[in-house]
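Secondary and tertiary structure notes
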Amino acid sequence: MSLDTLRLLLGPGRLKIYLGYAVGVGKTHRALLELRELKRRGVDVAIGWLEPKDRPLLGALAEGLPFIPPRREGPYEVMDLEAILAQRPSTLLVDELARRNPPGYPRRWEEVERLLEAGISVIATLNAYHLESLAGAAEAYLHHPVEERVPDSLLERADEVVVVDLPPEDLLERLRRLPAYRGVHSPLLSLATLRALREMALRRVARSLEPTFERILVLVPEDFYWFRRLVDYAALRVRRLGGEFYVLHPRPKPLLGAAPPLGEDKRARMEAYVAERGGAFLVRSGPLIPVTLEALRAVRAQSLVTGHGGSRPWPPPAQLKALLRRLERQGVEVHLVPETSPRRRRSLQSAPREGKGPGRLKVFLGMAPGVGKTYAMLQEAHELKAKGVDVVVGLVETHGRRETAALLEGLEVLPRKPVVYKGVTFMELDLEALLRRRPQVALVDELAHTNPPGPLHEKRYQDVLALTRAGIHVHTTLNVQHLETVASLVERITGIRVRETVPDWVVVEADEVVLVDLPPEALRARLAEGKVYPQEKVAEALKGFFTLENLKALRELALTEVSGLAAERPESLGPVLVYGDSERVFLRATRVAERLGETLYLLTEKAPEELLRLAHAHRAKVKVLGPLEPRERLAALEAYARRLAPGMVVLPLGPLAEEAAGHLPHTLLLVPPEEIHLGLRESG
């Protein structure tokens, strides 16, 4: 039967790619585990190619799985494509998608495409730096050509892409134990290289999703100084905080005749500059304000970046003021970059912020319940115990999941502490007992949990910090929506209000953050099988929090957060100063300050209780001004900014922001103070 006939009868096979950033992260291990699970369910599986890696664990996982042996061609071994097509397994494992075949043979990825066309589903592994879009940049870190490249179109057409993540520090330790890397000088045995490759891989996968949360429009003039300054600002922001950006150059439209054209050489230069930084360049003709508003709608941007002040201000002050008024009504956030940065000088001295202490903190971060965070944490605990590390389970929630509960066997589990509240007994973490036991590593699940009244701390993350400050290393789990500054983004997109949150700095300052990834479709399948919640709750969950759209948005957020944390921290911006009484404005300032590692200062007039609580949780320095007349506010802000020398001033969009634009010599972040949400549902 021909391939065309098979394709017509069966349709194309499904492609699933386990994507890592370097050898050793665990791609093949995950692929073999899935193949074993499929076989257990009765699926006809086989191994078409398994790269020899001199790792006994992989060999043990492959035992008992059907194997179609390679064919020898002279000195080479090649995957026996004809034997695979003759045997026709339902699902085939093909390790190393970027493996180089002998001369005269199709590339490995081309062989996989042929299998898919024949209706055979393929599970494959790939390191992201073999993608055509990343190979060139990766060569600068690897110091050798990436000769075997895989087209990005194959990644885009994959039915599922699972990111297999491992902190670079852990991978480096693992690589140094492998025989192939002992006594070898390799660029791969460098933390800087591994960190760069990891960031590239995470960003590439995030880019393959349709961005939901952070789309930025950059409004630029023809003046190349302003153009570069604004584009560089947007590119740096996207790299650290995620999202994508578009650069708009509006051309004036004279009353008579066509708009003067932008010279071809200049346009090509501007396009190349934007493309090198990962953006898209747009040119539109017409009046500045209507063109800008139309471009914001067209690209669905939530933020606008442009300039203010200086000797040749852009945009012209009158137009900027009118534009800000329009943007306030439309709820668009605005970044105003000055023509030149204020001369850096020493800012106000403040007491050192209390951090997490000498204990190391490792966070297993996922997009939602059920992706496998606790499972991954327990698996690593067994590995640590096998190495002789003193590991204790302080608290782990199995949620009735048998596979998770089975992993507790063989680990020391600390008894929980009963806490009675309003006649109900809660079994909570026994912090005092754990501090007395003092293991090397403590496992404490669900970082965002709120303790019932009675224990020493209100929140579990405070318990965790008490452990790390006592010198105990802690491994914990967290879903991305529980980050405090992310919760409002989740609310905006999904309509779900998150009740339990953790200040971002706790995760930003963690020693390691591991992404536990699972495609949304796979999580929904696990949920439907009763592997996440009891069967009676499945239907409601699938229609509520676990809709495909919600999970796609949450996965994008998780990838963006971890890739931002993986990025090298830029040169110090300077303190971030936020003015006003809006919690929403404060949290946006917090997101910038904590991602960039800067101190946050709050100037407030009314000092509402909830705002002060947030300021305390996020370690902000607070100055209460008391009630001011509108005409007094700019002078008070300017006086404090002169003393503080902030790198950024964050204000609510409105009259004060209009006065500050072009007057304060700082980067301004102007945030719509309120946002309307309809039909909110709550999520723990």
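Look above for the structure.
Residues numbered from 1 in each chain as written. Predicted model: local features only at pLDDT ≥ 70, side-chain atom pairs only at ≥ 80, totals over all residues. Heavy atoms only, no water.

Our next topic: the nonpolar core. As a rule of thumb, soluble globular proteins bury nonpolar side chains together. Leu15, Leu115, Leu188, Leu443, Leu478 and Leu523 are the most contacted members of the largest nonpolar core, which totals 143 residues. Residues within four places of leucine 15 in sequence aside, it is in contact with Val112, Leu116, Val122, Ala124, Leu154, Ala158, Asp159 and Glu160. One finds Val291, Tyr579, Leu656 and Ala661 within the second-largest nonpolar core, a separate group that totals 84 residues. (Core = buried A, V, L, I, M, F, W, Y, C linked by side-chain atoms within 4.5 Å. Buried < 20%, exposed > 50% of the residue type's maximum accessible area, 1.4 Å probe, protein only. Contact = heavy atoms within 4.5 Å.)

What follows is about the side chain of glutamate 199. Relative to the helices and strands, glutamate 199 is located in helix 9 (residues 191–208). Taking the relative accessible area as the measure of exposure, glutamate 199 reaches 7% and is therefore buried. Setting aside anything within four residues of it in sequence, one finds glutamate 199 in contact with Arg239, Ser563, Ala566, Ala567 and Glu568. (Helix = DSSP H or I, 4+ residues; strand = E, 2+ residues; numbered from the N terminus.)

Moving on: a nonpolar patch on the surface. Residues Tyr421, Val424 and Phe426 make up a contiguous nonpolar surface patch of roughly 230 Å² in combined accessible area. Counting through the fold element by element, tyrosine 421 comes out in strand 16 (residues 417–421). (Patch = residues over 30% accessible without salt bridge, like charges linked within 9 Å, V, L, I, M, F, W, Y side chains within 5 Å. Areas by Shrake-Rupley, 256 points an atom, 1.4 Å probe, with all protein chains shown as cover. Salt bridge = Lys/Arg side-chain N within 4 Å of Asp/Glu carboxyl O.)

In this section: the pairing of strand 2 (residues 45–49). Most of strand 2 sits inside the fold, with five of its five residues counted as buried. Across four bridges, strand 2 lies against strand 5 (residues 91–94) in parallel orientation. Pairing of valine 45 across the sheet is with threonine 91, part of strand 5. (Pairing = 2+ DSSP bridges.)

Bringing the environment of glutamate 111 into the picture now. By secondary structure assignment, the location of glutamate 111 is in helix 5 (residues 108–117). Of the residues examined, glutamate 111 reaches a relative accessible area of 4% and is grouped as buried. C-alpha of glutamate 111 to C-alpha of methionine 79: the two residues are 32 residues apart in sequence and 8.8 Å apart in space. Ignoring sequence-local partners within four residues, the contact set of glutamate 111 consists of Met79, Leu81, Asn101 and Pro106.

Note that all results are geometric; they support no functional claim without further evidence.
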